[in-house]
Amino acid sequence: MSKPQLSVVVTRRLPEDVEARMAELFDVTLRSDDTPMSRDELAAAMQTADVLVTTLTDRIDAPLIAQAGAQLKLIANYGAGFDHIEVEEAHARGIMVSNTPGVVTEDTADMTMALILAVRRRIPEGLSIMQSSPENWAGWSPNAMLGGRVGGTKLGILGMGRIGQALARRAAAFGMEIHYHNRRQLHPETETRYGATYWESLDQMVARMDVLSINCPHTPATFHLMNARRLNLMKEDAVIVNTSRGEVIDQAALARTLKAGKIAGAGLDVYEGGVAEFEELRALENVVLLPHMGSATHEARIEMGQKVMLNIMTLDHGNRPPDLVIPSML
């Protein structure tokens, strides 16, 4: 008698190739449209499924986990971040949590470098002139659209994990000096590889950088790590970019700092809160806003799906999923 397939519920539409392969491997319930599940729908799924495949738009908190059925074995997150899942509560209930680390590294680092270039060289402003009102362009002028050079500037990387290190490789190729702040100092050989200087004091690093890139996860320890005080430590000609999690920056304080001209610009791919919360930023010419595109490549999204399926299949074979998130990682 053959073993029954695992019951898997997917909370959002995934790439067609991923959904098709899941349908072959599991007893899968797929989303019919690309809207997030309601809280009631999530609760119902957790009461019936062996595995719940979540995305960053699903808030899996303690009250929701408390409603999970005894059969729920794994919350397999489609994405590297896991701050939307109360991992400790899940573990306390005997529910494993996995994610998809590594596969978004290069694409997110590409986007971070693109934002640095876009803000420093005022690329969106130039695009806006040529696309919306080219008749107002009087041609080249020695003083028109002056931005800031990238080569020779100091880049401070807040969070020197996989993505931070991938960014360091790219930035070094552009001639930037690499500096970083991290929970732990990297091995000397790793620092030498990137020509990176470690700053134990985040305050001191922030005050000396030309570009500050946020590449750390959102945890209780990093919430509003870049608060009003630290934003005010930055140089007036410095810029900040964030492709990690919006909650690491106090967004209201950032808007005030930019409006006051205390820093030169910002490039953001992630936000704290919904659309209404970043309305102030949209009105500023020195801010580049993207709709969370860091991992938005065909290749990354397929590989994320493959990681999810590998974690589920490993569980199904009675083994520990390779990408488990454990409370000590928080």
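What comes next is a walk through the structure. Throughout this document, residue positions are counted from 1 along each chain, in the order its sequence is written. Note on the predicted model: pLDDT of at least 70 is required for a residue's local features to be given, and 80 or more for side-chain atom pairs to be given and counted; whole-chain, interface and lining totals, by contrast, use all residues. Think of the side-chain values as coming from all heavy atoms in the structure, minus any hydrogens and water.

1. Observations regarding the overall build of the protein chain
Next up, step 1: Starting at the N terminus, helices and strands are each numbered in turn, a helix being any DSSP run of H or I of at least four residues and a strand any DSSP run of E of at least two. Check the secondary structure of the protein chain and you find 13 helices and twelve strands.
Next up, step 2: Atoms counted for the radius of gyration: C-alpha only. Globule rule: 2.2 Å times the number of residues to the power 0.38. Computed over C-alpha atoms, the radius of gyration of the protein chain comes to 22 Å, within 12% of the 20 Å expected from 2.2 N^0.38 for 330 residues, which places it in the range of a compact globule.
Next up, step 3: Along the first, second and third principal axes, the C-alpha atoms of the protein chain reach 80 × 50 × 35 Å.
Next up, step 4: Here the analysis covers contacts within the protein chain between residues at least 6 apart in sequence; of these, 61% occur between residues at least 24 apart. Only heavy atoms enter the contact rule, under which two residues are in contact if any of them lie within 4.5 Å.

2. Focus: the sheet that holds strand S3 (residues 51-54)
Next up, step 1: Criterion used throughout: strands pair if DSSP finds at least two bridges between them. Across the sheet, which stays open at both edges, the five strands sit in the order S2-S1-S3-S4-S5 with parallel pairing between neighbours. With one partner strand each, in any of the chains shown, strand S2 (27-29) and strand S5 (96-98) form the two edges of the open sheet. Averaged over all adjacent pairs, the angle separating strand axes in this sheet is 20°, with direction ignored.
Next up, step 2: One ladder, built from four bridges, connects S3 with strand S4 (residues 74-77); its direction is parallel. Each bridged residue has a counterpart across the sheet, and for Val51 the counterpart in S4 is Leu74. For every element, the axis is a line fit to its C-alpha atoms; helices are fit only across the contacting stretch, and the angle between N-to-C directions ranges from 0 to 180 degrees.

3. Overview of the pairing of S3
Next up, step 1: Throughout this description, buried means an accessible area under 20% of the type-specific maximum (1.4 Å probe, protein chains only), exposed means over 50%, and partly exposed covers the range between. Going residue by residue along S3, you find Val51 and Val53 tucked away on one face and Leu52 and Thr54 tucked away on the opposite face as well.
Next up, step 2: With three bridges connecting them, strand S1 (residues 7-10) and S3 associate as parallel partners. If you follow Val9 over to S3, its bridge partner there is Leu52.

4. Remarks on the pattern of salt bridges
Next up, step 1: The rule for a salt bridge is simple: a side-chain nitrogen of Lys or Arg has to be within 4 Å of a carboxyl oxygen of Asp or Glu. What the rule picks out here adds up to 18 salt bridges.
Next up, step 2: Notably, a salt bridge pairs Arg170 with Asp110, separated by 2.7 Å at the nearest N-O pair. With a gap of 60 residues between them, Arg170 in helix H7 (residues 162-173) and Asp110 in helix H5 (residues 105-120) connect regions that are remote in the sequence.
Next up, step 3: Classification of Asp110 by relative accessible area gives partly exposed; the value is 39%.
Next up, step 4: When the shortest N-O distance is used, the salt bridge between Lys235 and Asp210 registers 2.6 Å. Here Lys235, found in the loop between helix H10 (228-233) and strand S10 (239-242), pairs with Asp210, found in the loop between helix H9 (202-206) and strand S9 (211-214); they are 25 residues apart in sequence, far enough to count as distant.
Next up, step 5: By relative accessible area, which is 12% here, Asp210 ends up buried.
Next up, step 6: Ionic contacts of the salt-bridge type, sharing partners, join the residues Glu106, Asp110, Arg169 and Arg170 into one network.

5. Some points on the packing of aromatic side chains
Next up, step 1: Aromatic rings from Phe, Tyr and Trp, with only the six-membered ring used for Trp, were paired whenever their centres fell within 6.5 Å, and each pair was classed as stacked if the ring planes differed by under 30 degrees, edge-to-face if by over 60, and tilted otherwise. Across all of its chains, the model carries one aromatic pair by this definition.
Next up, step 2: The interplanar angle of 50° and the centroid separation of 5.2 Å between the aromatic rings of Tyr180 and Tyr198 together place this pair among those described as tilted. With a gap of 18 residues between them, Tyr180 in strand S7 (residues 177-181) and Tyr198 in strand S8 (residues 196-198) connect regions that are remote in the sequence.
Next up, step 3: Judged by relative accessible area, Tyr198 falls into the partly exposed class, the value being 21%.

6. Quick notes on the nonpolar core
Next up, step 1: Counting residues in hydrophobic clusters, the biggest one holds 29 residues, and the most contacted among them are Ile214, Met226, Met234, Ile240 and Leu254.
Next up, step 2: In terms of residues, this core owes the most to one element, helix H11 (residues 251-259), which gives four residues.
Next up, step 3: The residues contacting Ile240, other than those within four sequence positions of it, are Leu212, Ile214, Met226, Leu231, Met234, Ile249, Leu254, Ile263, Gly265, Ala266 and Gly267. By nonpolar core we mean a set of buried residues, namely Ala, Val, Leu, Ile, Met, Phe, Trp, Tyr and Cys, connected to one another through side-chain atoms within 4.5 Å.

7. Points about the environment of Met205
Next up, step 1: By secondary structure assignment, the location of Met205 is in helix H9.
Next up, step 2: Overall, the relative accessible area of 0% leaves Met205 in the buried class.
Next up, step 3: Sequence separation between Met205 and Gly267 is 62 residues, and the spatial gap between their C-alpha atoms is 19 Å.
Next up, step 4: Aside from chain neighbours lying at most four places away, what touches Met205 is Gly156, Ile157, His179, Tyr180, His181, Trp199 and Leu212.

8. Points about the side chain of Asn215
Next up, step 1: Assignment of secondary structure puts Asn215 in the loop between S9 and H10.
Next up, step 2: Residues within four places of Asn215 in sequence aside, it is in contact with Thr112, Ile157, Leu158, Gly159, Ile163, Gly164, Leu167, Thr243 and Ser244.

9. Some details on the sheet that holds strand S11 (residues 265-268)
Next up, step 1: Strand order in the open sheet formed by seven strands is S8-S7-S6-S9-S10-S11-S12, with parallel pairing between adjacent strands. The open sheet has two edge strands, S8 and strand S12 (287-289), and neither has a second partner. Direction aside, neighbouring strands of the sheet carry axes that sit 20° apart on average.
Next up, step 2: Examined bridge by bridge, S11 and S12 share three bridges and lie parallel to one another. Looking across to S12, one finds that Leu268 is bridged to Leu289.
Next up, step 3: With respect to the sheet, H7 is in contact with strand S6 (154-158), S7 and S9, its orientation differing from that of S6 by roughly 170°.

10. Some points on the packing of H5 against H7
Next up, step 1: In contact at an axis separation of 8 Å, H5 and H7 are set at 50° when each is read in the N-to-C sense. The pairing of H5 with H7 is recorded here as oblique in orientation. The element H5 and its partner H7 pack so that their crossing is right-handed. Two secondary-structure elements touch here, H5 through Thr105, Glu106, Thr108, Ala109, Asp110, Thr112, Met113 and Ile116 and H7 through Arg162, Ile163, Ala166, Leu167, Arg169, Arg170 and Ala171.
Next up, step 2: Among the residues forming the contact of H5 with H7, the class breakdown is seven nonpolar, three polar and five charged. An angle counts as roughly parallel when it lies under 35 degrees, as roughly antiparallel when it exceeds 145, as roughly perpendicular when it falls between 65 and 115, and as oblique in every other case. The crossing is said to be left-handed when, going from far helix to near helix, the turn is anticlockwise and less than a right angle, and right-handed when the turn is clockwise. Amino acid classes used here: Ala, Val, Leu, Ile, Met, Phe, Trp, Tyr, Cys and Pro are nonpolar; Asp, Glu, Lys and Arg are charged; the rest, including Gly, are polar.

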